[in-house]
Amino acid sequence: AVSHISRLLNDRSFTVTLPPDIVTAPMDGKLIVQVILNLLENAVRHTPPATPVSLSVEKDGENVRVWVCDEGDGVPEAISKRLFERCVTGDSDVVDGNRGLGLGLAICKAIVDAHGGTIGVLPNVPHGSRFYFTLPGKEDPHE
């Protein structure tokens, strides 16, 4: 996902943080890469050019949690609860081609749901967004 997004990052500050220990989760790798790619593309497209973006993975109890964070304007509270529905945008319920989030996040939700996980967005205090998704983890990678 990171290699696919590198062309959009340009001179933007971008960090990747991985846990010190191996974490595993049963998944369709291509679909989960698509989720990560969509979240990273949204972070880049919906923030000013100099805005930092980060990707991190962590163990969260039995789950694996992936975060994509930015320091942009954040998601308006009015749409944050409906953001993962089809064709929800920052300005209206009609995709406008520029600011609209369209189907991408709804597809991400469908993929994560099919894996038994959750997806959401939180504010990134003091400003920005923290998108995350979880996948059920697997304790022993050799099972």
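Residues numbered from 1 in each chain as written. Predicted model: local features only at pLDDT ≥ 70, side-chain atom pairs only at ≥ 80, totals over all residues. Heavy atoms only, no water.

Engineer: Can you help me understand the overall build of the chain in this one?
Structural biologist: Looking only at helices and strands, the chain has four helices and five strands in total. Counted from the first residue to the last, the chain has its helices and strands arranged as α-β-α-β-β-α-α-β-β. Residue pairs at least 24 apart in sequence account for 61% of intrachain contacts in the chain once pairs closer than 6 positions are excluded. (Helix = DSSP H or I, 4+ residues; strand = E, 2+ residues; numbered from the N terminus. Contact = heavy atoms within 4.5 Å.)

Engineer: Please explain the environment of Val35 as it appears in this structure.
Structural biologist: Along the chain, Val35 turns up in helix 2 (residues 29-45). Along the backbone, Val35 and Leu105 are 70 residues apart, and their C-alpha atoms lie at a distance of 8.3 Å. Apart from the residues within four sequence positions on either side, Val35 is in contact with Cys108, Ile111, Val112 and Phe133.

Engineer: Mind showing me how you'd approach a nonpolar patch on the surface here?
Structural biologist: Residues Val2, Val16 and Leu18 make up a contiguous nonpolar surface patch of about 250 Å² in total accessible area. Checked against the element boundaries, Val2 lands in helix 1 (residues 2-9). Owing to a relative accessible area of 31%, Val2 belongs among the partly exposed residues under this scheme. (Patch = residues over 30% accessible without salt bridge, like charges linked within 9 Å, V, L, I, M, F, W, Y side chains within 5 Å. Areas by Shrake-Rupley, 256 points an atom, 1.4 Å probe, with all protein chains shown as cover. Salt bridge = Lys/Arg side-chain N within 4 Å of Asp/Glu carboxyl O. Buried < 20%, exposed > 50% of the residue type's maximum accessible area, 1.4 Å probe, protein only.)

Engineer: Can you walk me through the confidence of the model for the chain in this structure?
Structural biologist: Caution applies to low-pLDDT parts of the model: their predicted coordinates are not meant to be read in detail. When pLDDT is averaged along the chain, the result is 85, and 85% of the positions lie at 70 or above. Here residues 91-101 is a poorly scored stretch, pLDDT under 50, and it has 20 contacts once near neighbours within four places are set aside; other chains count. (pLDDT = per-residue confidence, 0-100.)

Engineer: How should the packing of helix 1 against helix 2 be read in this particular structure?
Structural biologist: Working note: a packed helix pair is described by the angle between its axes plus the distance between those axes. Contact geometry for helix 1 and helix 2: axes closest at 10 Å, N-to-C directions at 10 degrees. One way to sum up the angle between helix 1 and helix 2 is to call them roughly parallel. Every residue of helix 2 that contacts helix 1 at His4, Ile5, Arg7, Leu8 and Leu9 is listed here: Leu37, Leu40, Glu41, Val44 and Arg45. When grouped by side-chain class, the residues that make up the contact of helix 1 with helix 2 number six nonpolar, one polar and three charged. (Axes fitted to C-alpha atoms, helices over the stretch in contact; angles between N-to-C directions. Parallel < 35°, antiparallel > 145°, perpendicular 65-115°, else oblique. Nonpolar A, V, L, I, M, F, W, Y, C, P; charged D, E, K, R; others polar.)

Engineer: Even after reading the chapter, I still don't get the pattern of salt bridges, so can you show me in this structure?
Structural biologist: Proximity of charged atoms lets side chains of opposite charge pair with each other. The tally for this structure, following the rule as stated, stands at three salt bridges. Residue Arg45 pairs with Glu41 through a salt bridge whose shortest N-O separation is 3.8 Å. In this pair, Arg45 and Glu41 both sit in helix 2, four residues apart, roughly one turn of the helix.

Engineer: How should I be thinking about the packing of helix 2 against helix 4 (residues 104-114) in this particular structure?
Structural biologist: In contact at an axis separation of 10 Å, helix 2 and helix 4 are set at 150 degrees when each is read in the N-to-C sense. Relative to helix 4, helix 2 is oriented so that their crossing is left-handed. Here helix 2 contributes Leu31, Ile32, Val35, Asn38, Leu39 and Asn42 to the contact with helix 4, which in turn contributes Gly104, Leu105, Cys108, Ile111 and Val112. Looking at the contact of helix 2 with helix 4 residue by residue, the class counts come to eight nonpolar, three polar and no charged. (Left-handed = near helix turned anticlockwise from the far one by under 90°.)

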